[in-house]
Amino acid sequence: MFSRQIIMRDFGIENQKKIMRSSILVVGAGALGSAISIFMARSGVRKIKILDPDEVELSNLPRTLAYRYSDTQERTPKAYALARTLKEIFPNVDIEYIIDSFDVDNALDLLRDVDLVMDGLDNMRSRFIANEAAILSNKPYIYSAVEGFYGVVMPVIPSETACLRCIYDPRSILARPESDPCNIIGVSVLTVVATATIASRIALDIILGRKVDSKIHYIDLRKLELGSLIVHRNPRCPVCSLRETEFIGKVMPRQIVRKCTKEDIYQIRLPKKLLKEDLEKISSIINATINEDNFRYILSRENIMVELYKNSRIGLARGLSEDELSRLLSLIKDLLQKS
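Residues numbered from 1 in each chain as written. Predicted model: local features only at pLDDT ≥ 70, side-chain atom pairs only at ≥ 80, totals over all residues. Heavy atoms only, no water.

Side note on the packing of helix H3 (residues 31–43) against helix H5 (residues 78–89)
Phase 1 of the analysis: One can describe the packing of H3 onto H5 by two numbers: an axis separation of 10 Å at closest approach and a directional angle of 25°. Here H3 is positioned roughly parallel relative to H5, judged by the angle of their axes. Crossing handedness for the pair H3 and H5: right-handed. Facing H3, whose interface residues are Gly33, Ser34, Ser37, Ile38, Ala41 and Arg42, H5 presents Leu82, Thr85, Leu86 and Ile89.
Phase 2 of the analysis: A class-by-class count of the residues in the contact of H3 with H5 yields 5 nonpolar, 4 polar and 1 charged. (Axes fitted to C-alpha atoms, helices over the stretch in contact; angles between N-to-C directions. Helix = DSSP H or I, 4+ residues; strand = E, 2+ residues; numbered from the N terminus. Parallel < 35°, antiparallel > 145°, perpendicular 65-115°, else oblique. Left-handed = near helix turned anticlockwise from the far one by under 90°. Contact = heavy atoms within 4.5 Å. Nonpolar A, V, L, I, M, F, W, Y, C, P; charged D, E, K, R; others polar.)

Some thoughts on the packing of aromatic side chains
Phase 1 of the analysis: Applying the stated criterion across every chain, the model contains 6 aromatic pairs.
Phase 2 of the analysis: Centre to centre, the rings of Phe128 and Phe247 are 5.9 Å apart; their planes meet at 5°, and the pair counts as stacked. Pair noted here: Phe128 is in helix H7 (residues 124–137) and Phe247 is in the loop between strand S8 (225–230) and strand S9 (256–258), with a separation of 119 residues, a long-range link. Judged on exposure class, the residue Phe128 and its partner Phe247 are both buried.
Phase 3 of the analysis: Members of the aromatic cluster, each reached through a chain of ring pairs, are Tyr80, Tyr97 and Phe295.
Phase 4 of the analysis: One cation-aromatic arrangement involves Lys310 over Tyr297; the distance from NZ or CZ to the ring centre is 5.2 Å. (Phe/Tyr/Trp six-rings, centres within 6.5 Å; stacked < 30°, edge-to-face > 60°. Buried < 20%, exposed > 50% of the residue type's maximum accessible area, 1.4 Å probe, protein only. Lys NZ or Arg CZ within 6 Å of the ring centre and 35° of its normal.)

Some remarks on the pattern of salt bridges
Pairing between side chains of opposite charge can happen when their charged atoms approach one another.
Phase 1 of the analysis: A full pass over the atoms with the stated rule returns 26 salt bridges.
Phase 2 of the analysis: Measuring nitrogen to oxygen at the nearest pair gives 3.6 Å for the salt bridge that ties Glu96 to Lys47. Of the two residues, Glu96 sits in strand S3 (residues 94–98) while Lys47 sits in strand S2 (residues 47–51), which places them 49 residues apart along the sequence.
Phase 3 of the analysis: Look at Glu96 and you get partly exposed, because its relative accessible area is 29%.
Phase 4 of the analysis: Because the salt bridges share partners, they merge into one network encompassing Glu55, Arg75, Asp293, Arg296, Glu307 and Arg318. (Salt bridge = Lys/Arg side-chain N within 4 Å of Asp/Glu carboxyl O.)

A closer look at the nonpolar core
Phase 1 of the analysis: The biggest cluster of nonpolar side chains holds 46 residues, and the ones touching the most others in it are Met40, Ile48, Ile50, Met118 and Ile142.
Phase 2 of the analysis: Elements represented by at least two residues in this core include exactly strand S1 (23–27), H3, S2, H5, strand S4 (116–119), strand S5 (141–147) and helix H10 (189–207).
Phase 3 of the analysis: Ranked by the residues each element gives to this core, the list is headed by H10, at 10 residues.
Phase 4 of the analysis: Non-local contacts of Met118, meaning those with residues more than four positions away in its chain, are made with Ile24, Leu25, Val26, Val27, Ile36, Met40, Ile142, Ala199, Ser200 and Ala203.
Phase 5 of the analysis: Counting 36 residues, the second largest nonpolar core, distinct from the first, contains Phe102, Ala107, Val114 and Ile135. (Core = buried A, V, L, I, M, F, W, Y, C linked by side-chain atoms within 4.5 Å.)

Comments concerning the sheet that holds S2
Phase 1 of the analysis: With mixed pairing, 8 strands are arranged side by side in an open sheet as S3-S2-S1-S4-S5-S6-S7-S8. A single partner strand is all that each edge strand has here, and the edge strands are S3 and S8. Mean inter-strand twist for the sheet, computed between neighbouring axes without regard to direction, equals 15°.
Phase 2 of the analysis: In this structure, S1 lies alongside S2, joined through 5 bridges in parallel fashion. Within the sheet, the bridge partner assigned to Val26 lies in S2 and is Ile50.
Phase 3 of the analysis: Of the strands in this sheet, S4, S5 and strand S6 (150–156) touch H7, which is tilted by about 165° from S5.
Phase 4 of the analysis: The strands touched by H10 within the sheet are S4, S5, S6, strand S7 (215–220) and S8, with S5 carrying the most contacts at an inclination of about 170°. (Pairing = 2+ DSSP bridges.)

This is the structure in C-alpha coordinates:
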(Lines give C-alpha, C1' and ligand atoms only; values in the text may rest on other atoms or scores of the structure.)
Protein backbone atom coordinates (compact mmCIF):
# COMPACT_ATOMS: atom_id res chain seq x y z
CA MET A 1 0.00 0.00 0.00
CA PHE A 2 2.74 2.47 0.94
CA SER A 3 5.17 1.31 -1.76
CA ARG A 4 5.58 4.75 -3.38
CA GLN A 5 6.46 6.25 -0.02
CA ILE A 6 8.82 3.42 0.94
CA ILE A 7 10.90 3.70 -2.27
CA MET A 8 11.58 7.40 -1.73
CA ARG A 9 15.23 8.24 -1.14
CA ASP A 10 16.21 8.18 2.57
CA PHE A 11 12.88 6.62 3.57
CA GLY A 12 12.60 2.84 3.32
CA ILE A 13 10.65 0.08 5.02
CA GLU A 14 12.02 0.66 8.54
CA ASN A 15 10.82 4.28 8.58
CA GLN A 16 7.42 3.18 7.31
CA LYS A 17 7.20 0.68 10.17
CA LYS A 18 7.93 3.47 12.67
CA ILE A 19 5.10 5.55 11.25
CA MET A 20 2.77 2.56 11.38
CA ARG A 21 3.50 2.17 15.10
CA SER A 22 2.81 5.84 15.92
CA SER A 23 -0.22 7.54 17.46
CA ILE A 24 -1.30 11.18 17.39
CA LEU A 25 -3.89 13.46 18.94
CA VAL A 26 -5.45 16.02 16.60
CA VAL A 27 -7.10 18.76 18.64
CA GLY A 28 -9.78 20.33 16.46
CA ALA A 29 -11.53 18.64 13.53
CA GLY A 30 -12.14 21.75 11.43
CA ALA A 31 -10.30 22.80 8.28
CA LEU A 32 -6.74 22.50 9.58
CA GLY A 33 -7.37 19.46 11.78
CA SER A 34 -9.13 17.62 8.96
CA ALA A 35 -6.30 18.20 6.48
CA ILE A 36 -3.65 17.19 9.03
CA SER A 37 -5.57 14.03 9.95
CA ILE A 38 -6.03 12.99 6.33
CA PHE A 39 -2.35 13.55 5.50
CA MET A 40 -1.18 11.64 8.57
CA ALA A 41 -3.59 8.75 7.89
CA ARG A 42 -2.38 8.56 4.28
CA SER A 43 1.21 8.51 5.59
CA GLY A 44 0.42 5.39 7.61
CA VAL A 45 -0.05 6.55 11.22
CA ARG A 46 -1.49 3.67 13.29
CA LYS A 47 -3.83 5.57 15.62
CA ILE A 48 -5.45 8.99 15.34
CA LYS A 49 -7.44 10.46 18.21
CA ILE A 50 -9.70 13.38 17.22
CA LEU A 51 -11.29 15.92 19.54
CA ASP A 52 -13.83 18.62 18.65
CA PRO A 53 -17.03 19.91 20.34
CA ASP A 54 -18.74 21.48 17.32
CA GLU A 55 -20.99 20.41 14.44
CA VAL A 56 -20.58 20.89 10.70
CA GLU A 57 -21.93 24.15 9.26
CA LEU A 58 -22.37 25.26 5.65
CA SER A 59 -19.49 27.76 5.86
CA ASN A 60 -17.11 24.89 6.71
CA LEU A 61 -17.47 23.14 3.35
CA PRO A 62 -15.27 25.36 1.10
CA ARG A 63 -12.15 24.96 3.27
CA THR A 64 -12.57 21.55 4.90
CA LEU A 65 -11.59 18.30 3.17
CA ALA A 66 -13.52 15.84 5.33
CA TYR A 67 -17.15 17.01 5.24
CA ARG A 68 -20.12 16.40 2.96
CA TYR A 69 -23.06 18.68 2.20
CA SER A 70 -25.32 16.18 3.96
CA ASP A 71 -23.35 16.82 7.18
CA THR A 72 -24.66 20.39 7.24
CA GLN A 73 -28.25 19.14 6.95
CA GLU A 74 -27.81 16.52 9.66
CA ARG A 75 -25.69 18.80 11.88
CA THR A 76 -23.08 16.06 12.06
CA PRO A 77 -20.47 16.48 14.83
CA LYS A 78 -17.15 17.47 13.25
CA ALA A 79 -15.19 14.81 15.12
CA TYR A 80 -17.52 12.09 13.82
CA ALA A 81 -17.48 13.43 10.24
CA LEU A 82 -13.67 13.43 10.19
CA ALA A 83 -13.45 9.96 11.76
CA ARG A 84 -15.89 8.62 9.14
CA THR A 85 -13.80 10.06 6.29
CA LEU A 86 -10.57 8.61 7.69
CA LYS A 87 -12.19 5.19 8.02
CA GLU A 88 -13.33 5.37 4.40
CA ILE A 89 -9.74 6.08 3.35
CA PHE A 90 -8.10 3.40 5.53
CA PRO A 91 -10.47 1.01 7.35
CA ASN A 92 -7.58 -0.46 9.36
CA VAL A 93 -6.51 2.82 10.96
CA ASP A 94 -7.46 2.99 14.66
CA ILE A 95 -9.65 6.09 14.88
CA GLU A 96 -11.04 7.45 18.14
CA TYR A 97 -13.32 10.46 17.98
CA ILE A 98 -14.38 12.47 21.02
CA ILE A 99 -17.08 15.15 21.03
CA ASP A 100 -15.65 17.45 23.67
CA SER A 101 -13.74 20.68 24.09
CA PHE A 102 -10.03 20.77 24.93
CA ASP A 103 -9.64 22.31 28.37
CA VAL A 104 -7.62 22.27 31.57
CA ASP A 105 -9.52 19.34 33.05
CA ASN A 106 -8.97 16.82 30.24
CA ALA A 107 -5.80 17.94 28.40
CA LEU A 108 -3.35 15.73 30.28
CA ASP A 109 -5.57 12.63 30.02
CA LEU A 110 -5.98 13.12 26.27
CA LEU A 111 -2.20 13.20 25.78
CA ARG A 112 -1.54 10.15 27.93
CA ASP A 113 -1.65 7.46 25.22
CA VAL A 114 -0.35 9.33 22.14
CA ASP A 115 3.11 10.14 20.81
CA LEU A 116 2.40 13.58 19.39
CA VAL A 117 -0.14 16.43 19.59
CA MET A 118 -1.17 18.30 16.43
CA ASP A 119 -2.97 21.62 16.46
CA GLY A 120 -6.21 22.11 14.55
CA LEU A 121 -7.49 24.66 17.05
CA ASP A 122 -9.11 28.02 16.40
CA ASN A 123 -8.27 29.95 19.58
CA MET A 124 -5.15 30.86 21.54
CA ARG A 125 -6.49 29.89 24.98
CA SER A 126 -6.73 26.25 23.92
CA ARG A 127 -3.31 26.46 22.28
CA PHE A 128 -1.71 27.69 25.51
CA ILE A 129 -3.34 24.73 27.30
CA ALA A 130 -2.04 22.33 24.62
CA ASN A 131 1.44 23.80 24.98
CA GLU A 132 1.38 23.34 28.78
CA ALA A 133 -0.01 19.80 28.54
CA ALA A 134 2.68 18.82 26.03
CA ILE A 135 5.50 20.18 28.22
CA LEU A 136 4.10 18.51 31.36
CA SER A 137 3.62 15.21 29.49
CA ASN A 138 6.97 15.45 27.68
CA LYS A 139 5.18 15.00 24.36
CA PRO A 140 5.91 16.97 21.16
CA TYR A 141 3.28 19.52 20.10
CA ILE A 142 3.02 21.13 16.66
CA TYR A 143 1.42 24.58 16.76
CA SER A 144 -0.35 25.51 13.52
CA ALA A 145 -2.52 28.49 12.61
CA VAL A 146 -3.98 30.03 9.46
CA GLU A 147 -5.51 33.35 8.43
CA GLY A 148 -6.27 34.51 4.89
CA PHE A 149 -3.33 33.39 2.72
CA TYR A 150 -0.95 33.24 5.68
CA GLY A 151 -0.05 30.21 7.78
CA VAL A 152 2.44 29.45 10.55
CA VAL A 153 3.76 26.20 12.02
CA MET A 154 6.07 25.76 15.01
CA PRO A 155 7.19 22.45 16.54
CA VAL A 156 7.45 22.34 20.34
CA ILE A 157 9.83 19.61 21.54
CA PRO A 158 10.07 19.62 25.36
CA SER A 159 13.60 20.43 26.64
CA GLU A 160 14.83 20.98 23.07
CA THR A 161 12.99 23.79 21.27
CA ALA A 162 11.23 26.98 22.24
CA CYS A 163 7.61 26.54 23.31
CA LEU A 164 4.57 28.67 22.53
CA ARG A 165 4.94 30.56 25.81
CA CYS A 166 8.51 31.57 24.86
CA ILE A 167 7.16 33.76 22.09
CA TYR A 168 3.60 34.63 23.14
CA ASP A 169 2.41 36.06 26.46
CA PRO A 170 -1.18 34.96 27.11
CA ARG A 171 -1.91 38.14 29.08
CA SER A 172 -1.39 40.31 26.01
CA ILE A 173 -2.52 37.82 23.35
CA LEU A 174 -5.86 36.98 24.99
CA ALA A 175 -6.59 40.66 25.65
CA ARG A 176 -6.54 41.48 21.94
CA PRO A 177 -9.90 41.93 20.16
CA GLU A 178 -8.90 39.38 17.53
CA SER A 179 -8.67 36.72 20.27
CA ASP A 180 -12.45 36.86 20.68
CA PRO A 181 -13.75 33.50 19.37
CA CYS A 182 -16.61 35.36 17.68
CA ASN A 183 -14.16 37.44 15.64
CA ILE A 184 -14.53 35.51 12.37
CA ILE A 185 -11.47 35.52 10.11
CA GLY A 186 -11.23 34.70 6.43
CA VAL A 187 -9.10 31.81 5.21
CA SER A 188 -8.43 30.07 1.91
CA VAL A 189 -8.52 26.29 1.55
CA LEU A 190 -5.15 26.65 -0.21
CA THR A 191 -3.64 28.09 2.96
CA VAL A 192 -5.15 25.29 5.01
CA VAL A 193 -3.69 22.56 2.79
CA ALA A 194 -0.26 24.21 2.54
CA THR A 195 -0.03 24.77 6.29
CA ALA A 196 -1.24 21.25 7.07
CA THR A 197 1.39 19.90 4.67
CA ILE A 198 4.20 21.66 6.56
CA ALA A 199 2.83 20.51 9.93
CA SER A 200 2.51 16.91 8.72
CA ARG A 201 6.02 16.95 7.25
CA ILE A 202 7.44 18.06 10.61
CA ALA A 203 5.31 15.46 12.42
CA LEU A 204 6.84 12.68 10.32
CA ASP A 205 10.34 13.92 11.17
CA ILE A 206 9.45 13.78 14.88
CA ILE A 207 7.97 10.28 14.56
CA LEU A 208 11.08 9.09 12.70
CA GLY A 209 13.38 10.51 15.39
CA ARG A 210 14.98 13.09 13.14
CA LYS A 211 16.31 16.37 14.51
CA VAL A 212 13.75 19.17 14.40
CA ASP A 213 15.04 22.73 14.58
CA SER A 214 13.62 25.38 16.90
CA LYS A 215 12.01 27.44 14.16
CA ILE A 216 8.69 29.00 13.30
CA HIS A 217 7.80 28.30 9.68
CA TYR A 218 5.57 30.65 7.72
CA ILE A 219 3.85 30.61 4.37
CA ASP A 220 2.42 33.59 2.48
CA LEU A 221 0.48 32.31 -0.52
CA ARG A 222 -0.39 35.83 -1.67
CA LYS A 223 3.30 36.45 -2.33
CA LEU A 224 4.12 32.75 -2.88
CA GLU A 225 6.71 32.93 -0.10
CA LEU A 226 7.83 30.17 2.26
CA GLY A 227 10.35 30.78 5.02
CA SER A 228 11.37 30.15 8.60
CA LEU A 229 12.76 32.06 11.55
CA ILE A 230 14.95 30.69 14.34
CA VAL A 231 13.20 30.82 17.71
CA HIS A 232 15.35 30.66 20.85
CA ARG A 233 14.17 29.09 24.10
CA ASN A 234 13.54 31.65 26.78
CA PRO A 235 15.56 30.60 29.87
CA ARG A 236 12.96 32.38 32.01
CA CYS A 237 9.91 30.92 30.23
CA PRO A 238 7.49 29.95 33.01
CA VAL A 239 6.32 26.87 31.10
CA CYS A 240 9.20 25.10 29.34
CA SER A 241 12.09 26.41 31.48
CA LEU A 242 10.55 26.75 34.95
CA ARG A 243 7.94 24.01 34.42
CA GLU A 244 5.12 26.11 35.84
CA THR A 245 1.61 26.49 34.47
CA GLU A 246 -0.68 29.44 33.89
CA PHE A 247 -3.77 27.46 32.85
CA ILE A 248 -3.65 23.80 33.92
CA GLY A 249 -4.38 23.66 37.63
CA LYS A 250 -4.76 27.45 37.74
CA VAL A 251 -8.01 28.26 35.94
CA MET A 252 -11.41 26.59 35.84
CA PRO A 253 -12.63 24.75 32.73
CA ARG A 254 -15.29 26.51 30.71
CA GLN A 255 -18.73 25.00 31.31
CA ILE A 256 -20.79 27.56 29.39
CA VAL A 257 -19.72 29.24 26.16
CA ARG A 258 -21.98 31.52 24.14
CA LYS A 259 -22.15 30.48 20.50
CA CYS A 260 -21.45 33.11 17.86
CA THR A 261 -24.96 33.24 16.42
CA LYS A 262 -27.83 35.71 16.31
CA GLU A 263 -29.84 33.52 18.66
CA ASP A 264 -28.90 33.13 22.30
CA ILE A 265 -27.41 29.65 21.99
CA TYR A 266 -24.92 28.35 24.53
CA GLN A 267 -22.60 25.40 24.38
CA ILE A 268 -22.67 23.59 27.71
CA ARG A 269 -20.34 20.98 29.19
CA LEU A 270 -21.63 18.40 31.64
CA PRO A 271 -19.56 17.24 34.64
CA LYS A 272 -19.17 13.82 33.02
CA LYS A 273 -19.99 11.94 29.84
CA LEU A 274 -23.73 11.54 29.32
CA LEU A 275 -25.13 8.07 29.82
CA LYS A 276 -28.60 7.13 28.60
CA GLU A 277 -29.67 6.15 32.13
CA ASP A 278 -28.97 9.73 33.28
CA LEU A 279 -31.27 11.24 30.66
CA GLU A 280 -34.55 10.89 32.54
CA LYS A 281 -33.02 12.47 35.64
CA ILE A 282 -31.74 15.46 33.68
CA SER A 283 -35.02 15.94 31.81
CA SER A 284 -36.92 15.94 35.11
CA ILE A 285 -35.01 19.04 36.22
CA ILE A 286 -36.50 21.15 33.43
CA ASN A 287 -39.68 19.07 33.07
CA ALA A 288 -38.90 18.39 29.42
CA THR A 289 -39.95 15.82 26.85
CA ILE A 290 -37.20 13.71 25.27
CA ASN A 291 -36.60 13.09 21.56
CA GLU A 292 -33.47 11.99 19.74
CA ASP A 293 -31.74 11.95 16.37
CA ASN A 294 -28.62 10.13 15.19
CA PHE A 295 -26.24 12.13 17.35
CA ARG A 296 -28.10 13.83 20.19
CA TYR A 297 -30.88 13.68 22.75
CA ILE A 298 -33.26 16.64 22.53
CA LEU A 299 -34.93 17.87 25.71
CA SER A 300 -37.64 20.45 24.99
CA ARG A 301 -40.30 22.42 26.84
CA GLU A 302 -42.10 25.41 25.32
CA ASN A 303 -39.32 27.87 24.32
CA ILE A 304 -36.55 25.91 26.05
CA MET A 305 -34.45 23.31 24.25
CA VAL A 306 -31.39 21.45 25.52
CA GLU A 307 -29.56 19.15 23.09
CA LEU A 308 -27.08 16.68 24.58
CA TYR A 309 -24.67 14.74 22.38
CA LYS A 310 -24.79 10.99 22.92
CA ASN A 311 -21.81 9.53 24.79
CA SER A 312 -20.41 13.02 25.31
CA ARG A 313 -20.21 15.89 27.80
CA ILE A 314 -21.20 18.53 25.25
CA GLY A 315 -24.62 20.03 24.63
CA LEU A 316 -26.39 23.09 23.25
CA ALA A 317 -29.03 25.14 25.07
CA ARG A 318 -31.60 27.64 23.78
CA GLY A 319 -34.10 29.73 25.74
CA LEU A 320 -32.08 29.92 28.97
CA SER A 321 -29.92 32.76 30.22
CA GLU A 322 -26.33 32.17 31.30
CA ASP A 323 -27.35 32.44 34.97
CA GLU A 324 -30.14 29.93 34.45
CA LEU A 325 -27.71 27.57 32.72
CA SER A 326 -25.25 27.88 35.60
CA ARG A 327 -27.97 26.86 38.04
CA LEU A 328 -29.07 24.03 35.73
CA LEU A 329 -25.51 22.64 35.44
CA SER A 330 -25.11 22.86 39.21
CA LEU A 331 -28.30 20.83 39.68
CA ILE A 332 -27.16 18.30 37.06
CA LYS A 333 -23.79 17.97 38.78
CA ASP A 334 -25.45 17.25 42.14
CA LEU A 335 -27.82 14.78 40.49
CA LEU A 336 -25.06 12.87 38.66
CA GLN A 337 -22.90 12.67 41.77
CA LYS A 338 -25.74 10.96 43.64
CA SER A 339 -26.30 8.41 40.87
